[in-house]
Amino acid sequence: MIEETLKLELVKKAFEARSHSYSPYSRFQVGAALLTSDGEIFTGANIENASYGATICAERTAAVKAASSGSREFVAIAVVGSEEGSDEQDMAYAYPCGICRQFLREFIAPAGDMIVLVAKTPDDYRETSLSALLPESFGPSDLDYLHRE
Ligand code: THU
């Protein structure tokens, strides 16, 4: 569990991160802010590519920043996404795509879950969890046989 003030901070940082979206092809701008178990917050935006399939979502940008900085236990992530230039009335809750759900799954704290916040405005968000978005998931422990003698 995390405090409401921290959730609002994550949502605010996701909005700030969205402003750095590089999305000239879809013009759909996404920002994410990820809280790790050591209390650090990593942000990310979607970064598109002229070879469309090489695009990286905001959630994975944030996840890779965290994991490559040595923070590999994710507690919560806030996500905001909408068309470029949209104002508050146009905003819808943008949930993480399937690839991002699986990517985040890798870094759930042991015996934990990850809070997922999706927001329309800095103070209008919904809360769910990664286990709700990705039930019966496949994760590192499914490969434990690799470590057996
Ligand atoms: N996108 C994200 O950044 N996160 C998601 O979970 C869904 C989609 C981005 C990818 C692409 O740049 C744009 O949104 C439209 O698909």
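Above this text you will find the structure in question.
Figured I'd write up the structure that's included with this text.

The subject of this paragraph is the nonpolar core. The biggest cluster of nonpolar side chains holds 21 residues, and the ones touching the most others in it are L34, F74, I77, L104, M114, V116 and L130. Residue assignment for this core shows that the elements contributing at least two residues are β1 (28-36), α2 (58-67), β3 (74-83), β4 (115-121) and α4 (130-133). The residues contacting I77, other than those within four sequence positions of it, are A32, A33, L34, E59, L104, M114, I115, V116 and L117. Counting residues in each nonpolar core, the second largest holds 13 residues, with L10, A14, L35 and L117 among its members.

Okay, the layout of surface pockets next. Using a probe with the size of a water molecule, rolled over the atoms, empty space left in the structure can be pinpointed. Roughly 210 Å³ of internal volume is contained in the largest pocket. Forming the walls of the largest pocket are 15 residues, and the residues nearest its centre are F28, V30, N46, C57 and A58. Listing elements by their share of the lining of the largest pocket, those giving two or more residues are β1 and α2. Take the lining of the largest pocket: its biggest share by element is 3 residues, from α2.

This part takes up helix α1 (residues 4-18). When the terminal C-alpha atoms of α1 are compared, their 21 Å separation across 15 residues agrees well with the 21 Å that a helix rising 1.5 Å per residue should span. Contact partners of the buried residues in α1: β1, β2 (41-45), β3, β4 and β5 (124-129).

This part covers helix α3 (residues 98-105). Buried residues of α3: C100, R101, L104 and R105, and no others. All buried residues of α3 lie within an arc of 140 degrees about the axis, which places them on one face of the element. Contacts from the buried residues of α3 go to α2, β3 and α4.

To continue, consider the packing of aromatic side chains. Applying the stated rule across the entire model yields 3 aromatic pairs. Put simply, the rings of F74, F103 and F107 touch in pairs and so form one group of aromatic residues.

Around the ligand, the neighbouring residues are S26, F28, V30, N46, E48, T55, C57, A58, E59, Y95, P96 and C97. Taking N46, its side chain carries an N or O atom lying 2.9 Å from an oxygen atom of the ligand. Here an oxygen atom of the ligand and a side-chain polar atom of E59 are 2.7 Å apart. Here the ligand loses 77% of its free accessible area of 370 Å² to cover by the protein chains. Counting atoms within 2 Å of the grid points, the majority share of the ligand lands in the largest pocket. Those elements giving two or more residues to the shell around the ligand turn out to be β1 and α2.

The rules we used
- Residues numbered from 1 in each chain as written.
- Predicted model: local features only at pLDDT ≥ 70, side-chain atom pairs only at ≥ 80, totals over all residues.
- Heavy atoms only, no water.
- Core = buried A, V, L, I, M, F, W, Y, C linked by side-chain atoms within 4.5 Å.
- Buried < 20%, exposed > 50% of the residue type's maximum accessible area, 1.4 Å probe, protein only.
- Helix = DSSP H or I, 4+ residues; strand = E, 2+ residues; numbered from the N terminus.
- Contact = heavy atoms within 4.5 Å.
- 1 Å grid on protein atoms, 1.4 Å probe; cavity = no way out; pocket = protein on both sides within 12 Å on 5 of 7 lines; lining within 4 Å.
- Points joined across faces, edges and corners; volume = space filled by probe spheres on them.
- Expected span 1.5 Å × (residues − 1).
- Arc of directions from axis to C-beta.
- Phe/Tyr/Trp six-rings, centres within 6.5 Å; stacked < 30°, edge-to-face > 60°.
- Near = heavy atom within 4 Å.
- Polar contact = N/O pair within 3.5 Å; in protein donor to acceptor, adjacent residues only side chain to side chain.
- Areas by Shrake-Rupley, 256 points an atom, 1.4 Å probe, with all protein chains shown as cover.
- Sits in = over half its atoms within 2 Å of the grid points.

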